[in-house]
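# Coordinate inspection notes
These are the residues of each chain, in order.
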Amino acid sequence: MDTPKTADIVIVGGGVMGASAAYHLAKRGIKNIVLLEKEEFFGTGATGRCAGGVRYQFSTEINVRLSMESLPMLECFRDETGQDVDYRHCGYLLVATNDVDAATFRHNVQMQNRLGVQTEFLSGEEVRLRLPLMRFEDALAGTFNQKDGLVDPNSVVAGYVSAAQKLGGKALTRAEVTGIRVRGDAVEAVETAQGVIQTRTVLNAAGPWAGLIGEMAGVPIPIVPVRRQMFTTNTLKEIPDDFPFVIDFAQSLYFHREGDGLLIGMSNQNEKPGFDQSVDEDFEMENFEAALARLPLLERCSRASHWAGLYEVTPDAHPIFGGSHVKGFTICAGFSGHGFMHGPVAGKLMAEYILDGTFSTVDVSMLDLARFAEERSIKEYNVV
Ligand SMILES: Cc1cc2nc3c(=O)[nH]c(=O)nc-3n(C[C@H](O)[C@H](O)[C@H](O)COP(=O)(O)OP(=O)(O)OC[C@H]3O[C@@H](n4cnc5c(N)ncnc54)[C@H](O)[C@@H]3O)c2cc1C
């Protein structure tokens with residue numbers, strides 16, 4: 001498809017945010033939308049490399065509210081777009097092994113319950129009973145929500161892109177944005193290697209690369225890329241079908257079923273920001289040893305695959321929604337490692353912002369870019 005000469009809205013980045021925004025804008029009747037993705041396929045950035053976890057369990061009300069809108073959208077994704085996304089309600093089981101985390105978990109569960117989310121608080125003994133294959137002698141508490149689970153990220157992106165196209169939107173791959181032209185205080189055009197697109201509205205949905213797109217428009221955006229990696233195992237017959245998404249919170253170590261084996265990851269707290277997406281084999285060994293200590297049957301497993309991707313980290317671990325000092329330059333990025341699950345509602349919210357000038361589904365106006373300069377940040381505790 002040729003690069004169009006004009007567009008009502010240009011979306012930069014074909015991950016879950018860009019795809020969802022394209023669909024929701026097209027659904028609202030905007031036809032002249034162009035979604036630009038630099039890679040050969042949509043969804044090969046953070047979205048395609050993510051663990052696919054979806055959860056209600058957060059520490060801030062705004063993140064719980066985003067989940068309360070977004071997860072039901074994933075539940076009825078097939079009815080909406082025709083695409084199956086394989087939502088599995090395995091539940092998330094977060095385990096606390098120190099007093100501070102246990103107390104914070106109790107507080108988080110009370111807040112979630114108050115908002116209508118049925119997360120259970122568990123004692124250390126209850127954690128051990130639910131995870132008989134694992135060694136959690138030091139568990140002090142846990143939290144569990146059966147409605148948390150796993151969804152296939154590639155299907156979500158593919159579903160939104162093709163639904164947007166059916167509604168008249170254009171979606172281009174191998175279309176790298178190389179510049180944003182600003183005249184006076186407003187967006188004028190988007191430059192790509194294939195040509196220039198005149199437009200008054202740009203949505204920066206470039207995930208870990210969103211800071212670079214901001215620089216092109218003269219808008220500083222505090223999002224840094226940080227590498228995260230994981231590996232999968234071959235078949236482990238002992239793992240039951242209903243094995244939950246287990247998070248050893250203090251170690252940022254997690255396990256969930258993947259096919260007939262497990263997917264295992266751990267966040268390297270010493271990782272320096274950067275765009276490197278190669279697997280750090282030394283850290284993978286640390287990850288494996290930590291996992292083995294929790295799940296001794298891993299002694300018999302071998303690695304099936306491994307990969308790394310980039311978290312898109314903001315100073316307060318919350319996303320950035322809305323506009324900037326450059327008229328027409330909008331942002332939906334910086335979900336700090338838990339954005340896949342909020343992609344559906346985030347795209348809907350950006351359609352509301354761009355078309356109506358306000359967020360109606362969830363009030364995310366406090367998650368604007370200006371909050372960092374104005375010291376209005378709020379910190380999310382449940383970052384893995
Ligand atoms: C290892 C790992 C595990 C994760 N696990 C989970 C999880 O379990 N649950 C969860 O909810 N979230 C998880 N996340 C976070 C989640 O993946 C992200 O928050 C989410 O996918 C961000 O989506 P996005 O569309 O903003 O970014 P991306 O998916 O990265 O999309 C941005 C796109 O922009 C494109 N782009 C960049 N620059 C340009 C340019 N100049 N021109 C054109 N295109 C450009 C990129 O190629 C990319 O495709 C995980 C992330 C990682 C790395």
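Remember, predicted model here, so these are calculated numbers, not experimental data.

### Regarding the packing of helix 1 (residues 16-27) against helix 6 (residues 153-166)
Relative orientation of the contacting elements helix 1 and helix 6 amounts to 30°, with a least axis distance of 8 Å. With respect to helix 6, the axis of helix 1 lies roughly parallel. When the axes of helix 1 and helix 6 are compared, the crossing they make is left-handed. In this structure, helix 1 contributes Val16, Ala19, Ser20, Ala22, Tyr23, His24 and Ala26 to the contact, and helix 6 contributes Val156, Val157, Tyr160, Val161, Ala163 and Ala164. Looking at the contact of helix 1 with helix 6 residue by residue, the classes come out as 11 nonpolar, 2 polar and no charged.

### Focus: the pairing of strand 15 (residues 253-258)
Buried residues dominate strand 15, accounting for 5 of its 6 residues. Summarising the sheet, strand 14 (residues 245-248) and strand 15 pair through 3 bridges and their orientation is antiparallel. Bridging across to strand 15, Ile247 finds its partner in Tyr254. Joining the antiparallel neighbours strand 14 and strand 15 is a turn of 4 residues, in which Ser252 adopts a positive phi near 50°. Direction of pairing for strand 15 relative to strand 16 (residues 261-266): antiparallel, over a ladder of 6 bridges. Within strand 16, the position partnered with Arg257 by the bridge is Leu262. Two successive antiparallel strands, strand 15 and strand 16, enclose a turn made up of 2 residues, where Gly259 displays a positive phi of approximately 60°.

### Side note on the environment of Ala141
Within the secondary structure, Ala141 is located in strand 6 (residues 141-145). Look at Ala141 and you get buried, because its relative accessible area is 0%. The sequence separation of Ala141 and Glu125 amounts to 16 residues, and the corresponding C-alpha distance is 8.0 Å. Sequence-distant contacts of Ala141, that is, excluding residues within four places in its chain, are made with Leu94, Val95, Ala96, Ala102, Phe121, Leu122, Ser123, Gly124 and Val127.

### Describing the side chain of Arg55
In this structure, Arg55 sits in the loop between strand 3 (53-54) and helix 2 (61-75). Assessed through its relative accessible area of 4%, Arg55 is described here as buried.

### Here's the deal with the site of the ligand
Neighbouring the ligand are 39 residues; Glu37, Ala46, Thr47, Gly53 and Glu312 lie closest to it. Within the backbone of Ala46, one N or O atom sits 2.9 Å away from an oxygen atom of the ligand. One of the backbone nitrogen or oxygen atoms of Phe340 is found 3.1 Å away from an oxygen atom of the ligand. For the ligand, the accessible surface in isolation is 1,000 Å², of which the surrounding protein chains cover 98%.

### Regarding the sheet that holds strand 16
What the 8 strands build is an open sheet, ordered 5-6-4-14-15-16-13-17; its pairing is mixed. What marks the edges here is a single partner per strand, and that holds for strand 5 (120-123) and strand 17 (303-313). Between one strand axis and the next, the sheet turns by 20° as a mean value, whatever way the strands run. Of the pairings in the sheet, the one linking strand 13 (residues 224-233) to strand 17 comprises 10 bridges and is antiparallel in character.

### Side note on the packing of helix 2 against helix 9 (residues 343-356)
One way to put it is that helix 2 packs onto helix 9 with a least axis distance of 7 Å and a crossing angle of 105°. With respect to their mutual orientation, helix 2 and helix 9 come out roughly perpendicular. Seen from helix 2, the contacting residues are Leu66, Glu69, Ser70, Met73 and Leu74; seen from helix 9, they are Gly343, Pro344, Val345, Lys348 and Leu349. Of the residues contributing to the contact of helix 2 with helix 9, the split by class is 6 nonpolar, 2 polar and 2 charged.

The rules behind these values
- Residues numbered from 1 in each chain as written.
- Predicted model: local features only at pLDDT ≥ 70, side-chain atom pairs only at ≥ 80, totals over all residues.
- Heavy atoms only, no water.
- Axes fitted to C-alpha atoms, helices over the stretch in contact; angles between N-to-C directions.
- Helix = DSSP H or I, 4+ residues; strand = E, 2+ residues; numbered from the N terminus.
- Parallel < 35°, antiparallel > 145°, perpendicular 65-115°, else oblique.
- Left-handed = near helix turned anticlockwise from the far one by under 90°.
- Contact = heavy atoms within 4.5 Å.
- Nonpolar A, V, L, I, M, F, W, Y, C, P; charged D, E, K, R; others polar.
- Buried < 20%, exposed > 50% of the residue type's maximum accessible area, 1.4 Å probe, protein only.
- Pairing = 2+ DSSP bridges.
- Near = heavy atom within 4 Å.
- Polar contact = N/O pair within 3.5 Å; in protein donor to acceptor, adjacent residues only side chain to side chain.
- Areas by Shrake-Rupley, 256 points an atom, 1.4 Å probe, with all protein chains shown as cover.

Any functional reading would require information beyond the geometric quantities listed.
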